[in-house]
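Letter by letter, the chains look like this.
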Amino acid sequence: AAAAEAEVRLLLQEARESIEAARSYRRELQQRLRGLHQAREQIKDSATLTRDVLEQHFSDLKGTLKKLLDERLMSLLQEVDVIEQESIKPLDECQKLIEHGVSTADDLLREGESAVDGDVGQQNEKLCNFTKKALHIQLDSLPEVPSLVDVPCLSAQLDDCLLTILKNQIFRHGTVASRPPVQLEEFVEKPGGILVRWCKVDDDFIPQDYRLQYRKSTASHFEDVYVGSETEFIVLHIDPNVDYQFRVCARGDGRQEWSPWSVPQIGRTTLVPHEWTTGLEGYSLSSRRNIALRNDSQSCGVLYSKAPTYFCGQTLTFRQTVGQPDRRDSLGVCVEQRNGDDSLQRDKAVCISTNGAVFVNGKEMTNQLPAVTSGSTVTFDMEVVQLGPCNNEGGNFKLRVTISSNNREVVFDWVLDQCCGSLYFGCSFSYPGWKVLVF
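How each quantity is defined
- Residues numbered from 1 in each chain as written.
- Predicted model: local features only at pLDDT ≥ 70, side-chain atom pairs only at ≥ 80, totals over all residues.
- Heavy atoms only, no water.
- Helix = DSSP H or I, 4+ residues; strand = E, 2+ residues; numbered from the N terminus.
- Rg over C-alpha atoms; globule rule 2.2 N^0.38 Å.
- Buried < 20%, exposed > 50% of the residue type's maximum accessible area, 1.4 Å probe, protein only.
- Contact = heavy atoms within 4.5 Å.
- Areas by Shrake-Rupley, 256 points an atom, 1.4 Å probe, with all protein chains shown as cover.
- Disulfide = S-S within 2.5 Å.
- Domains from an automatic or database assignment.
- Pairing = 2+ DSSP bridges.
- Axes fitted to C-alpha atoms, helices over the stretch in contact; angles between N-to-C directions.
- Phe/Tyr/Trp six-rings, centres within 6.5 Å; stacked < 30°, edge-to-face > 60°.
- UniProt positions renumbered as here; feature names shortened; annotations may be inferred.
- Patch = residues over 30% accessible without salt bridge, like charges linked within 9 Å, V, L, I, M, F, W, Y side chains within 5 Å.
- Salt bridge = Lys/Arg side-chain N within 4 Å of Asp/Glu carboxyl O.

Draft legend 1. Molecular detail of the overall build of the protein. Counting secondary structure elements, the protein contains 3 helices and 21 strands. Taken over the C-alpha trace, the protein has a radius of gyration of 45 Å; the compact-globule value for 439 residues is 22 Å, which it surpasses by more than 25%. For the protein, the C-alpha atoms occupy an extent of roughly 165 × 85 × 35 Å along the three principal directions. Counting only residues that meet the buried cut, the protein has 28% of its 439 residues in that class. Look at the contacts in the protein between residues 6 or more apart in sequence, and 60% of them connect residues 24 or more apart. Surface summary for the protein: the accessible area is close to 28,700 Å², and the carbon and sulfur share equals 52%.

Shown next as structure tokens:
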């Protein structure tokens, strides 16, 4: 009986495992069906969009070609009108001269015939007047009439070479691609932004430039956000918890036209943007409060972030325009805001000075980075390496910090006496002209 009961339990266990396997198999098949449905919809949607693009493009071409042909026809007709008017004008003047001569000859003939056939008593006087008048008119002077070979004979020269050229160009115009040469590869969340990476998927395609576009999920049109040779770009000014659609294309080496767009993909960030705190007299902020400008005020102090928005595992980036440096200048992170300090070169803070010196808890390290230059970036990366217990009362807490600037970096451990899930960032500059973007 015990053996039978054990066998039944074993069969039940095997049956339950088979049922679970069947469920898992069904879920996998359903997921694949959804994948097939998405693939089918992508083919249909992209085919519909491509038809619309082709029809609109060739409709625009027809309209443009008709307009250009109409303009050329009008130009040629106007040229015919000008030649006709300029050529007929001297003929009209000559015609008026001849018609005047004919009229004058008619009058002279009538007068001569009257003088010859008139009264004998008055005949002598009439004949004398007629003869003088005839000599004055110069009956042997005739206007010159051009021959037909000397006047224009208009014609139109129209050959078929244009049609041949257009035919060859039209038959080669446009292509239909089934797979774009580049595709979006990865989205990495950033505070108030998204790092977008893409890659080349066509081995035969040699890219010269890439073009990245994005749009909000509620927008109808894409807009350019990057054009260049890099294969990644941080898109800033992204609202958190909002879907954005991205696509990328490329331009082949030596080509002018862009490749087909990649398959659009959705990216989003859940991280709120980094912001500088407002109200410090020595600094002016941009509308989004992610750019701080050291103004001409004599007031000096540390400008902190609005909140502790930097978390370990992220990359904090500063990009700056330089002013006059000072050894007390600082860019870095700290555990807490502290009023009254003129620099982050203090305890519970790590920072880099504008001359490249690195400070940990107010002490300068032996290793030094290059001096900060205009347009360069300074990045902070941190990961947790915990030494002792971490609870409400605190404990030994170690962060491994990497600071990078101008293609060089320093790595060190920062030991704290309390747990820090998030940190403030800050900056201080003694002289005006410094401008810092944080992201």
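Let us keep going from here.
Draft legend 2. Representation of the environment of glutamate 185 in the model. Tracing the backbone through its elements, the reader meets glutamate 185 in strand β1 (residues 182–190). Glutamate 185 sits 11 residues away from valine 196 along the chain, and the two C-alpha atoms are 7.8 Å apart. When neighbours within four sequence positions are excluded, glutamate 185 is seen to be in contact with Arg197, Trp198 and Cys199.

Draft legend 3. Spatial organisation of the state of the cysteines. Within the structure shown, the criterion is met by 0 disulfides. Here cysteine 199 stays unpaired: no disulfide links it, and the sulfur of cysteine 249, its closest cysteine neighbor, is 15 Å away. Owing to a relative accessible area of 24%, cysteine 199 belongs among the partly exposed residues under this scheme. The closest cysteine sulfur to the non-disulfide-bonded cysteine 312 is located on cysteine 420, 7.9 Å from its own sulfur. Residue cysteine 312 is classed as partly exposed on the basis of its relative accessible area, which comes to 24%.

Draft legend 4. How the structure looks around the domain arrangement of the protein. Parsing the protein into structural domains produces domain 1 (1–172), domain 2 (182–269) and domain 3 (283–438). Relative placement of domain 1 and domain 3: their C-alpha centres are 68 Å apart.

Draft legend 5. The sheet that holds strand β2 (residues 193–200), seen in detail. Strand order in the open sheet formed by 3 strands is β1-β2-β5, and the pairing between neighbours is antiparallel. The open sheet has two free edges, formed respectively by β1 and β5 (232–235), since each of these has just one partner strand. Within this sheet the neighbouring strands show an average axis-to-axis angle of 20 degrees, counted without direction. Pairing geometry for β1 and β2, over 8 bridges, is antiparallel.

Draft legend 6. Expanded view of the packing of aromatic side chains. A complete count under the given rule lists 11 aromatic pairs for this structure. Seen in terms of ring centroids, phenylalanine 187 and phenylalanine 246 are 5.3 Å apart; in terms of plane orientation they differ by 45 degrees. Their pairing is tilted. With a gap of 59 residues between them, phenylalanine 187 in strand β1 and phenylalanine 246 in strand β6 (residues 244–252) connect regions that are remote in the sequence. By relative accessible area, phenylalanine 187 is classed as partly exposed at 24%. Centroid distance tyrosine 226 to phenylalanine 233: 4.9 Å. Interplanar angle 25 degrees. Geometry classified as stacked.

Draft legend 7. Broad picture of the UniProt feature "domain: Fibronectin type-III" (unreviewed entry) in the protein. UniProt's feature table lists "domain: Fibronectin type-III" (unreviewed entry) at residues 180–273, given in the numbering used throughout. The span residues 180–273 is 0% helix and 52% strand, and its two end C-alpha atoms sit 33 Å from each other.

Draft legend 8. Examining a nonpolar patch on the surface more closely. Among the surface-exposed residues, Leu162, Leu166, Ile170 and Phe171 lie close enough to one another that they form a single nonpolar patch of about 400 Å² accessible area. Mapped onto the elements, leucine 162 comes out in helix α3 (residues 161–172).

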